[in-house]
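Examining the three-dimensional arrangement
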Amino acid sequence: MAKLQISQSHNCTAEEAKQRIDRLNKDLGEKYGLNSSWTSDTEAKVERTGAKGAIKVEASRILVDLDLSFAMSPLKGTIEKRIKEELERLFKA
């Protein structure tokens, strides 16, 4: 199983960061079938066939931890690149 750990800095409030993550999750849900739900005020569980993990909102950064199935492992680089691009777009300083 391949693991992805991505960090993106931000300078917004926790509530604003959560709203931006919600927009991202909605877009990814429509494009890739990603399901997400907030398990606390600062952490969302995300999953779809072949991937599961969490998105955490910290005071100055967003952390994405994903576990990819064996079948998704060859796409690790592409998935990581796209997540980084989306996070940079949403949280540009």
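Up top you'll find the structure we're talking about.
Reading the values: rules and limits
Residues numbered from 1 in each chain as written. Predicted model: local features only at pLDDT ≥ 70, side-chain atom pairs only at ≥ 80, totals over all residues. Heavy atoms only, no water. Salt bridge = Lys/Arg side-chain N within 4 Å of Asp/Glu carboxyl O. Buried < 20%, exposed > 50% of the residue type's maximum accessible area, 1.4 Å probe, protein only. Helix = DSSP H or I, 4+ residues; strand = E, 2+ residues; numbered from the N terminus. Pairing = 2+ DSSP bridges. Axes fitted to C-alpha atoms, helices over the stretch in contact; angles between N-to-C directions.

1. Concerning the pattern of salt bridges
- Counted under the stated rule, the structure contains eight salt bridges.
- Note that Glu58 is salt-bridged to Arg61, the shortest N-O span being 2.7 Å.
- Residue classification places Glu58 among the partly exposed positions, given a relative accessible area of 33%.
- The class for Arg61 is partly exposed, based on a relative accessible area of 34%.
- Between Glu86 and Arg89 there is a salt bridge whose closest N-O contact spans 2.5 Å. Residue Glu86 and its partner Arg89 are located together in helix α2 (residues 76-91), separated by three residues, close to a single helical turn.

2. Focus on the pairing of strand β4 (residues 51-57)
- Direction of pairing for strand β3 (residues 43-48) relative to β4: antiparallel, over a ladder of six bridges. Counterpart to Arg48 in the pairing with β4 is Ala51.
- Where β3 folds back onto β4 in an antiparallel hairpin, the turn is made up of two residues, including Gly50, whose phi is positive at roughly 90°.

3. Concerning the sheet that holds strand β5 (residues 61-68)
- Pairing is antiparallel across the open sheet formed by five strands, whose spatial order is β1-β5-β4-β3-β2. With partners counted over all chains shown, the strands left at the sheet margins are β1 (2-9) and β2 (35-38), one partner each. Across the sheet, the mean angle from the axis of one strand to that of its neighbour is 15°, orientation sign disregarded.
- Pairing between β4 and β5: seven bridges, direction antiparallel. Within the sheet, the bridge partner assigned to Val57 lies in β5 and is Ile62.

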